[in-house]
Structure formats: structure tokens, C-alpha cells
Amino acid sequence: MSHTQDKSTIMRQGVLIFIYLGVLTALEFFIAIAFENVPLLVLVALVKGGLVLYYYMHVYRLNENDGSDPHSLAYKTGTNRLGLWLFLLSDAFVFGGLMVARVNLLGMTRPHLNQTLGLAVTAVLLISSFFMNRGETAMAHGDRKGFLLNTSITLVLALAFLLGVVAVEWPTASHERLTPASGVAGAVFYMMTGMHAFHVLTGVLFLIVILRNGARGVYTAEKHWAVEAAAVYWHFVDVVWIFFYPALYLIGAAIQLAA
Amino acid sequence: MRHFVIVGILVIAAAVLTYAGLNAIGLMPVEASAQAIPIDWLWNLQVIAISFLFSLIVVPLVYSLVVFRRKKGDNTDAEHIEGNTTLEIAWTIVPLIIVVAFAYLGAYSLGETRRVDPNAMVIKVTGYQWGWQFEYPEYGFSSPTLYLPVDKQVVFQMQALDVIHSFWVPEFRVKQDLVPGRITEYRITPTLIGEYKVRCAEICGSSHAYMESPIVVVEQAAFEQWVGEQKLAAAEAEANATPEQRGQKLYETYCKACHSINGTAGNGPTWKGLFGHEVELADGTSVIADEAYLIQSIKEPQSQVVKGFAPMAFNATAVGIGDTEIQYIIAFIKTLK
Amino acid sequence: MKNVHPVLRGLLMLVVGALVGYGVGLFLDYAVQSGFFANATELRFNAPVPGLFSLLIGATMFFFGLVGYRGVTRGLVFQVVGTLAGGLLVTGIRASMGLSLWGGFLFTEPAWVLGGLVGALAFLVGVGAVTDWWKWALGEPTSEHHHDEPGFEKYFGVSLDHKVIGVQYTVVALLLISVGGLFALIFRTELAASQLQFLTTSFKLFDQNGLQMYNSLMSLHGMIMIVSILLGIAGIMNYVVPLLLGAQDMAFPRMNAFSFWIAVPAAVLLLASLFLGGFDTGWTGYPPLSARAPVGMQMFFLGVFVAGWSSILGGLNIIATSLRMRARGMIAFRMPILVWASVATSLISLTATQLIGLSFQLVMFQRLFGMGFFDPDKGGNPVLFQHLFWFYSHPAVYVFVLPGLGVISELLPVFVRKPLFGYKWVAMSSLGIALVGFMVWAHHMFTSGMNEYLRVPFMYSTLLVAVPTGVKFFSWVATIWKGKIRTPTPMLFVLGGIVVFLMGGLSGPPNATVSTDLHLHDTYFIVGHFHDTIFGGFVFPFFAAIYYWFPKATGRRMSEFWGKVHFWLMTPSFFILTLGMMRIGLLGMRRRIADYDPTMGFDFTHLILTVTGYLIGVSVLIFIINFFHSMKNGEKAEGNLWESRSPEWLVPSPMPLENYEHEFEVVGEPYDYGLAGSRYVKFANEK
Ligand code: HEA
Ligand code: HEA
Ligand code: CUA
Ligand SMILES: [Cu+2]
């Protein structure tokens, strides 16, 4: 398992991945304004998603040998992990469907949105994933303090993202006449961000649960499946945004709605 | 071996009998368009294939049931046969070839039905809840009945006003949906003189069953004569009609599907005795049906919904009913005491 | 009341509840319609609200009479209260915004939608399906072990035992088949002759005239039947798959219970749609029509959405169970065929189901918030809905049939005493059908006005499905060939299923071929096609499975005599029903019409179809009576009744609480009938 590795190596790896993600996001933004190239943007998003999937969500753990005793904790955790990933696979189809709807309805156009805000919430979400990773790693090494600290930061960032979208971005957009009922661009925008925000909200609840239980000492280095699940789920929400962000903010020509 | 021979003969016999039987009862309605020919041809091939494949499975099945039943008192198992890879490959490959062949023929016959005649006459078809309207842009009139000259290709440019409908004449075979917000195209070359009906094939609300309109296929000469009459009648009616008559005509074209004039409730309230009477609205208030109310009901159907009815789903503006037309309709409503 | 038989007690309470509910509803409707007593109007005896309340309160009281205030009863009470609370919440919000508060169905549409959702969630809380998760969230321990009380009451509350859940699923599926079938019989009666018989324009019930009522019944028939299939296959898979694998239970027992219980409020929501103005779109719910239908449409969407979660989580559980809970030695190619089929099915329901949920959710939001996804006036695209919808609803048809075909493959070797011919090919064909099934959805849209050039590739991919399906058929025939065939009731249904599914399957390729589909689309030919595939692929195997595993669950067998009556009444009637449908369909009979043109000459055929519909109904009724009667009074059957090699038959019936007392190891092939000395499993206590 992962905590057989040296803790500081893993922590360092987390930082490195975070830096990659940050650079790629900047690159993405640059591509979008300089010479909008859709295949390239898709490629960048895929790389980002892949990094999170592999290094933050440890998808390889699905392949881990967890012994042959079906009553052992390791085996049960393996089963749980499989269940969680199947659930995420299923959930991915919702977002995939929304993406299809976006491409079909908007094509090479996109709603006119506040770019600064978009970049800001994206950054917040990315950073939160970083802290989530640290929190989980801490727990895996039995460092309860580190877990609580990092997870609390994640929670704060999560709330910031949620409010950023729902309480700042939405009113800003509707100020510029982009409302759910104003046309398909509005409909798609609110539906995609809304569906994502709903998942963020469930992630927030999940984080609160593990924080509370973590504070009460329910988890140990050996037994912290709930922490792993919450982390993987949280990173999944991040992966979704990795694709939604370019789809809503970067790809296509912005359509200005008439005053 | 003996079993195989018997079953083989039985399969072929059953297939031939099935096909002959199906052919004898006649599966399709009369063939009245050029586009129906490739379709019926392919359908016939499919019936042959179905007859054969059905027999191929069912005959050995029934044969086994009769011949290989477990005898009374026999408690042993049957011979241990696990499978046969050659056979499995064979019955994967052969059906694969068959379906690819059918798909090829399908694409080919589809192409045949879509052959374009550049001289095809254009007709504009409008579908709405629950009726059809046919406009002949080359001649400048509209008709609730579709007249078509025989053996000439026509192309319909179809639009739906409210929900999805589907244009289907069983004798012509081909069908095409009408989708709100876009124009769909339908090409047909009638080949058989006669009277048919277009039947809406996509559920479009409560009176979907009744969304049928007559179609008359006639000789070219008769068609031209009909066009002449229509033009004349249209001009004449246009010139002489009183507002009430114009209103009535509009009523018959657009509103009749939902509003009766004899007092029975349809999808919408009856118009009998409507003018000047009190109308109860869904929000609990009531109003007097004066001109202003009627105008508003037609223009903004959602604004005042009559109690016991869903808001009117019909968009009168979309079919070109403007203020003048509304005045005609109101004049007509006033006559319905 | 103590000495009265519980069912009778339940029925008495049902009547009382229905009457009380009707009265309450009548009063509320009156109060709202007359603006809270401002200007009194008359009482509306056939209005929606009294009907809905009498359904809800009647059903609640029925279960109260049956098992008291626990389990499902509490769930239903919570659902009713939750619905009202959710509705009132929205109404309150609307009051603060100065919007209209009440509608023709008591609440306004948004209030009903939120109410419906809250009600469904409240049901889950009330019934106790989320209690353990709540405890987990609080960091409290929960018990891993089954603690069901003996007796029939355990079936009416949350149980974690997959066998109990399997039975629960199966019984609810039968109930829904009856309800959906009853609807079919009602609208078939209307179709018995041309012109309108009783569903006329002056007919009035729940704010629907006869034509709308026809559409509501027809659409609900479709969807209730589909949900009943989903529950039916879940029942079979739940009961049988862990037994075949040698597992003690499913991988996630709590989620298993949750998956079942969430289907119950879903069924209530679906039924509620009939009482809230109904809906007239068919089960496919295409916008823009569905964007204009009455509130019932929303309840329908919500019901399907919630039922979808049952299917998704159920599929997840089956996959995880099959991957992780197999007995020792059970490598992939020694798994029983039914397990293969269940995994293939579950792959579809796990993933594709999300898209029907999404497509319905988008229409719901279009209605609620004016989001114009499918509204051309706002730049939306009605055809997009069809793509999203069929991306699920086509693969879904393979969800319906794969387990059934698995049952056929599973039972055939037992009754012909021969190995399943080409086991590996049959196993792989299930996966093949499932995977190809993902790429064919647009064959439902050949006339829809979608991009012209997409039609040909979709034709090729659709026709490709015939290949793996053909592998199954040929392998079945080869299995039967030279077998020593016995034909007890389950085998009869297996054989009937094969022939009927063949008819349905072979009527598929003409639909899949674009040019012929231009004629066939939306006619009774299609209706005949899918009744054949559904009956052959689901209904017949479902009955076969029940007759076959009934002794396992109860220790008694169902009456052979009545089983055979059931079969011989249903099968010929069914042949006539669907062949007749295909016949008139080819001649021009459209789908989804309440009335047909008398000049087309279909009257006589339709009359026959209605009669056969009734005969099928009678046969199902016979089955249901046999089912319940045999539970208590059937002939005892505690041993290996069918002389099967499968592990579940090597232990006594009924199945013990924790399944196998001694774990088993797989030591041979599953279907090696006729191979002397071979065995499939070896139990730990054997040498
Ligand atoms: C259980 C459900 C089920 C199953 C298994 C199938 C199986 C198939 N269906 Fe069906 N279908 C439905 C349920 C099902 N269908 C429903 C519910 C609808 C209507 C939905 C609605 O609009 O309401 C529908 C509608 C439908 C349509 C749309 C018609 C229209 O509306 O215009 C089409 C078109 O392609 C189609 C095709 C097929 C095909 C090719 C198969 C194939 O899988 C069949 C494969 C089987 C065989 C072919 C037989 C055995 C094979 C052999 C013996 C081998 C040799 C065969 C050959 C070489 C051909 N179906
Ligand atoms: C499981 C799937 C299933 C089943 C079993 C059936 C069963 C039947 N269906 Fe089916 N049908 C569909 C799925 C199914 N149907 C679907 C998906 C549609 C498409 C809907 C749409 O277009 O949107 C459809 C549409 C459909 C139509 C087309 C309607 C139209 O287009 O206008 C017709 C018409 O005849 C019909 C008839 C029947 C009949 C007579 C039966 C008979 O077999 C029914 C037999 C009766 C019973 C099974 C009930 C028996 C029980 C009792 C009598 C006991 C009652 C007592 C208690 C409550 C305890 N159905
Ligand atoms: Cu128009 Cu059906
Ligand atoms: Cu399909």
C-alpha cells in the first residue's frame, strides 16, 4: 500500500503534481487567448485529468493485490474501492451527457463570462485538491493533526469555490443577462455549473463528516476508508471541473447577449 | 446423420411454406409511390430471410422435443457434448455476412428512395395540433387537402408549429418527422391515382389519432384544372368575403381542432355563446369575454387561462394570425350565439 | 381485529383509507378551487386531488393493516408527509415572492416537483433504508449480520439479506406487471372497435378527457412495465447470483436494500402521475410535447429518475459482487452463464441509465426554470433529447433481456441433461450484445430529422447485434439436439421464451434497415416487435425462473398443473396478440392512437387482440394465485428437485439464512451433464 512508501516522498510528489497542474492551467488559458486550438485544449485537459486520476486518486490501487482472505479488512477495502470507482464511472456519464449537450447546443460558441472569476474558482478548486491529497496522505501515515489541518483547508477552499460559483459567478452572469431562461447558452451554463456545484455540495458534506469523525479519532493509519473515499470523490469533482472549465470558459467564440 | 437429413428437409419445407403463406395473405398495403418499390423489394427479401431463419431454429427445436424426449424411467444423462469451435465460428461468420449484405442493400434502397428530380414541385407542409396545411407556393394558395399529380416528384418542405409530428401515408411507405424549429424534407413520386390519407405518425397530444388529412392523386390534367379552380376560388373568396366568412375560414383551418361551435368542450372551451359572457379563469377570477379579452386570449394564451383547461398550446401568431385576422375571428365568434 | 387474517385486515384498512383520503382530497380541492371559501364552487368528485389522496392514504392504511406501523407503512407515511411538506415549502417561498400559490392540482407545478422529491427521500428515511449510513456518518458502529425476524413481516421492512431482497423485488415486479397489465386491458378495451367506446371526449376523470386518459394509460403501461422488468431482473439476480457464486450476500448489503426500497417511492410517483393530469407523450416523453403536458409529466419524470437510481446502484452491486465474492476456484470461465449475463446487464444499467435520468431532468428544468434545452424558440434542439434518451433506452432493452437469456442458458442444460453447447461463446455473446448495444441507439430516430448521414452507420451497427444473439440461439438448439429432454413447467417457459424471442428478434432487422423502417416506424409492427422481444426475453424466462427457484426459496413447489395451464393459455394467446399487431401495423395501424379509421378494416383484428390480451391477463392471474397459494400449501420439495449440478441445489431448501454453511470450492465445469464422475463444486466438509 501507499504508506509503505516514505511519507515525505509522497508529500513531495503531491507538490510536484500540483505544480504541473498549475502550469498546465496557465498554459491552457494562454492557448485559449492566443490561438484558440480546440484539440490542444482537449489534450491539456486530458493530461490534467490523467495526472489527478493517477497521482491524487490512485486509480492503480484498483489493481492492488489485497490478499485472498475475503474476510480481511484489506479485501473489504478493496471491494469498497471498486464500488466507489464504479459509482464514479456511472456519475461520469452524467457529466459526459452534459458535455454532449453543450457541444450540440452551443457548438463553437460559448457564453460570455467573467474570465477572472473563472480562473479564480478554477485555481481555488485545484488548490483544494492539493490540500486534500496532503490530508489523505497524512491520515495514511497516522498523522491525525496533519489530516485535520489539511482537510480543514480543503473544506474552506471547497466552500469558497461553491460560493464563488453560486453566489458570485451566477449573479455576475445574470447581471449580464445570462439567465437560465434567456436562451440555450444560459441554460447550458447554469445546468453544467449547477450540476457540478451539486456534486461539490455533496463533497462538502462528505468532508464535514470525515473531519468530525477524524477529530473524534475514528480513523487510524490502517483503517480510514472513509477518508480515502472522501478524497477520491473530491478529486473526481476536480476532474470534472478540469473538463468543464475549458468547455464553458475557453472553447469557442463568446456570445454577447444584447442589452 | 439420418436426423440431420430429415431436419434439413423439414427446415426447407417449413421455410417455403412460411414464406408462401405470408406472401399469400399479402403483408403490405397497395404500392402507390415510386419510393415504395425499392422498399417493398427489400421487405420481400427480408420476409424470405425471416422465414428461413425462423424455420432453421424452430424446426430442430420441435424435432428434438418430439424425437429426443427422455423416456419414462430413463434416469441417465445425455451424451456429453461440450461444443464445437468450427460450428461456432460458422454460425458467427455466416450471419455476419448476411447482416452486412442486408445493411448494404438497405443503404442501396435508401439511396433509391432519395433520388432527386430537380424539377420536383415544391409544396410547403405545415403540421400543428391537430391538422395539416398544404401550401402551393408556385401557385400562391393553400389547401387543407393535398392534391398531387401522378408520376411527378414532389418535394415537401415541412415545418411543425408546436410539437413533433410525422408525415406518413402508408401507401407511399416513407415517413418523415416534422420538427419544430427546422424544416425537414420529404420527396415522393405518387404512381397510383386514388385517394389516400396522410396520418400523423408521432404522438402529438390528445387528438393525435385524428390528425389525418385527405390526399388525392390525379392525372396531370386534372391537377391543373384543380389548381385553376383553387386559384379562382381563392381570389374570389378573398375579394368577396365578409369578415365573418373570413373568420370562419380561419376557424376551420386552425381552431376547429380544439374549439367547437356547438357547445361541447373539446381541448379548448367551446366558442358557442362565448362573446359577452362571463368566463371563469383558472386563478379563480372571472372576466367578461369582450373584444379585449379575446384578443389577449389569442395573442397571449398563457395570460388568462380558462378554468379546467391547460393553457392554450396553439401559437396563433406563428401561423400568421395578426391583428386583422383576429378581428375576422372575433367577428365570427360574435355570430355564435 | 387481532384474529383477522392480516391480508383481510389490510384490505379493510385499504377501503377505509381510500375513503378517508378521498374525503380529505375532496375537501382540499374544494378549498383551493374556491379560493379558500371566498366564492364556493361545487365539489369536484372526479378531480385529481381526491383520487391521489385516496390512492396514497389507502395504500398506507393497507400496509398498516397488514404489518402495523413499521417498515413500508412508516415509509409511506413519511412519503405523504414529506410530499406535503415539500409542497408547502415551495408554496411558502412563492408566497414571499408574490407568485400564485395554488394550481388546478392543489399545489403548483414546482411545489409538486419538490414535494415529490422530498417525499421519495422521506420514504427512505421512514422505512429505515438509510439508518446505517446515518450511523456511519456519525461514526457509530453498525451490525454486519442479518437480524431478520422470522415470519412474513420481514418482507415489509428493511432487510439486508439478499434472499429477502430478491423476493421483495420479485413480488413488487409482479404487482407492477399486474397494474401495468390492467392498464393495458383498459385501453385495449377501448381499442376493441373503431370509434371511441368509453374513453370519449365527454369522459372526465382526474382532469382528463377520454383521449388524454387513453394516452396516460398507454404511456404509463409502457413505463410501469419497464420498471417492473427492471425490478423483476433485479429480483432474479439478487436471489440467484450470490448463491451461484457461493457468497454469503451481495458485496454491499445496505446499498442493496437501498436500491430496492428506492424503487417503491418511485412506483408511487409513477402512479401519482396518472392522478395529476396524466401525460400524453408515450413512455418516451419527447419534448416539446412533454414540455407542455400537465403536472403528471413531472411526476413521471421524477418517478423514472428515482427508479433509475435503483437500477444504477443495483447494477453496481452485481458487478462488485461478481468480481469480488466468487467462491474459490471460480475463474471467469467457470462462472455460471447467468452470472455472465448479469454482469453484462449491470454494465449497461450502471452507466447508460444516467442518460435517461439526465434527459428527463433537462426537460424537468426546462419546464421549471424555462431553460430552453429543447425549445427551438430559445435555440434549443428537440432532437438532442432523443439522442440522450435513446442512448439509455436502447441499451436498456438488452438490460431487459440479457438476464432472461441467461436464465434460458442456465436452465436448458438441467432439463436436457447435456452440457451447454459452446459455453464460452454463449458467455461472451452476452458481453458482445451489451457492448454493441451501446452503439446503435439512433435506430429509433431514422425518421427524426437527425443528420441524414448518421443513418447508415447506425444501420450497420444495429444489424451487427443479430450476430451475437444468433450465437445464443444456435448454441441453444445445439444444446437441445440429442438431449434427454424433460418438460416440467420451467422448461416449458424456457422453450416458449426461445421461440417468442426468436420472433421478436427476427422482426428486429427490418426495423434496423433504414429504408424498411421508414415504413415500419411508429406502427403496430414495432409494438409487436417489442412485445415479442420483451415477453421472450423477459416475461417467459422470468416465469421460468420463478417456477424453477420457487422451491429454493420456500421449500415447496408450485402446482405443476396450474403452471401448465398458465403456459398453455398464455402462449397461444400471446402468439395471436403479437402476430396480429404486426399484421395491422404493416397495413398502416399507427402506434399510440385511441381510435383508428374504420375504413382501414382493422376492427375485427383489434377485437381479437383485445380478447387475447384478456386471456393473457387471466393466465397471469392464475399464476399469481398459484404463487401465493403454493407458498403455504404447495407440495414439499426440499431436495435437489431438478437434479441440477448447481451449488444452491446441493443444500436443502429453503436456503439457510447465511447461505452455505460450508463454503465450497469450484472443481469442474458448471454444465458437465453426462460426464461420469465430474462435479462442479466441492463443499468444505466433503473429502
Ligand atoms: C427486450 C427488448 C428488445 C430487444 C431484445 C430488441 C432487439 C432488437 N431490436 Fe428492438 N425495440 C424494443 C425492444 C427490443 N428490441 C422496443 C421496446 C422498441 C420500441 C421503443 C419505442 O419506440 O417505444 C424497439 C424498437 C426497435 C427499433 C426502432 C423501430 C422504430 O421505432 O422505428 C429498431 C430499429 O432498428 C429495433 C431493432 C432491434 C434489433 C435489430 C434487435 C436485435 O437485438 C435482435 C437480434 C435477434 C435476432 C436477429 C434473432 C436471432 C438471430 C439469429 C437467428 C441469427 C441470424 C439472424 C440474422 C442473420 C438476421 N428495435
Ligand atoms: C413488460 C413489458 C410489457 C408487457 C408485459 C406488456 C403487456 C401487454 N401490452 Fe404492452 N407495451 C409495453 C410493454 C409491455 N406490454 C410498452 C413499453 C409499450 C409502449 C408504450 C408507449 O408507446 O409509450 C406498450 C404498448 C402497448 C400497446 C400499444 C399502445 C399504443 O400504441 O396505443 C398495446 C396495444 O395493444 C399493448 C398491449 C399489451 C397487452 C394486451 C399486454 C398483455 O400482455 C397484458 C396482460 C395483462 C396482465 C399481465 C395483467 C394481469 C393481471 C391481472 C389481471 C391481475 C390484476 C389483479 C391484481 C392487481 C392483483 N401494449
Ligand atoms: Cu401530429 Cu401526431
Ligand atoms: Cu433500440
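From a predicted model like this one, the values you see are computed outputs, not experimental measurements.

> How should I be thinking about the overall build of chain C in this particular structure?
If you tally the helices and strands in chain C, you get 22 helices and six strands. Rg of the C-alpha trace for chain C: 25 Å, near the compact-globule value of 26 Å for 687 residues, within the 12% margin. In terms of overall dimensions, chain C has C-alpha extents of about 85 × 60 × 45 Å along its principal axes. Counting only residues that meet the buried cut, chain C has 67% of its 687 residues in that class. When contacts within chain C are restricted to residue pairs at least 6 apart in sequence, long-range pairs at least 24 apart make up 78% of them. Total accessible area on chain C is roughly 22,000 Å²; 70% of this is exposed by carbon and sulfur atoms. Separation between the mean location of the 41 positive side-chain charges and that of the 36 negative ones in chain C comes to 6 Å.

> Just checking my understanding: could you explain the interface of chain A and chain C for this structure?
The accessible area lost on association of the parts is a frequent measure of interface size. On the side of chain C, 35 residues touch chain A, which itself brings 33 residues to the contact. Note on chain A versus chain C: buried area summed over both sides is about 2,800 Å², and carbon and sulfur give 70% of it. Broken down residue by residue, the surface that chain A buries against chain C is led by Leu86, Phe93 and Met191 of chain A, which jointly contribute 19%. Our enumeration of links across chain A and chain C arrives at zero salt bridges. Across the contact surface, chain A and chain C share nine residue pairs in polar contact (both at pLDDT 80 or more). Tallying contributions element by element places helix α3 (residues 73–106) of chain A first for the side of chain A that touches chain C, with 18 residues. Across the side of chain A that touches chain C, the residue classes tally to 19 nonpolar, 10 polar and four charged.

> Teacher, can you tell me more about the site of ligand 1 here?
Close to ligand 1 lie 33 residues; Trp283, Tyr398, Asp517, His521 and His529 of chain C are nearest. What surrounds ligand 1 is not a single chain but chains B and C. At the level of elements, α3 (85–113) of chain B together with α13 (382–416), α16 (466–480), α17 (489–506), α18 (508–512) and α20 (524–554) of chain C are the ones that each hand at least two residues to the shell around ligand 1. Here the shell around ligand 1 gets five residues from one element, more than from any other, and that element is α20 of chain C.

Cut-offs used in this document
Residues numbered from 1 in each chain as written. Chains lettered and ligands numbered in written order. Predicted model: local features only at pLDDT ≥ 70, side-chain atom pairs only at ≥ 80, totals over all residues. Heavy atoms only, no water. Helix = DSSP H or I, 4+ residues; strand = E, 2+ residues; numbered from the N terminus. Rg over C-alpha atoms; globule rule 2.2 N^0.38 Å. Buried < 20%, exposed > 50% of the residue type's maximum accessible area, 1.4 Å probe, protein only. Contact = heavy atoms within 4.5 Å. Areas by Shrake-Rupley, 256 points an atom, 1.4 Å probe, with all protein chains shown as cover. Lys, Arg positive; Asp, Glu negative; His and termini not counted. Charge placed at Lys NZ, Arg CZ, Asp CG, Glu CD. Buried area = accessible area lost by both parts, 1.4 Å probe. Salt bridge = Lys/Arg side-chain N within 4 Å of Asp/Glu carboxyl O. Polar contact = N/O pair within 3.5 Å; in protein donor to acceptor, adjacent residues only side chain to side chain. Nonpolar A, V, L, I, M, F, W, Y, C, P; charged D, E, K, R; others polar. Near = heavy atom within 4 Å.

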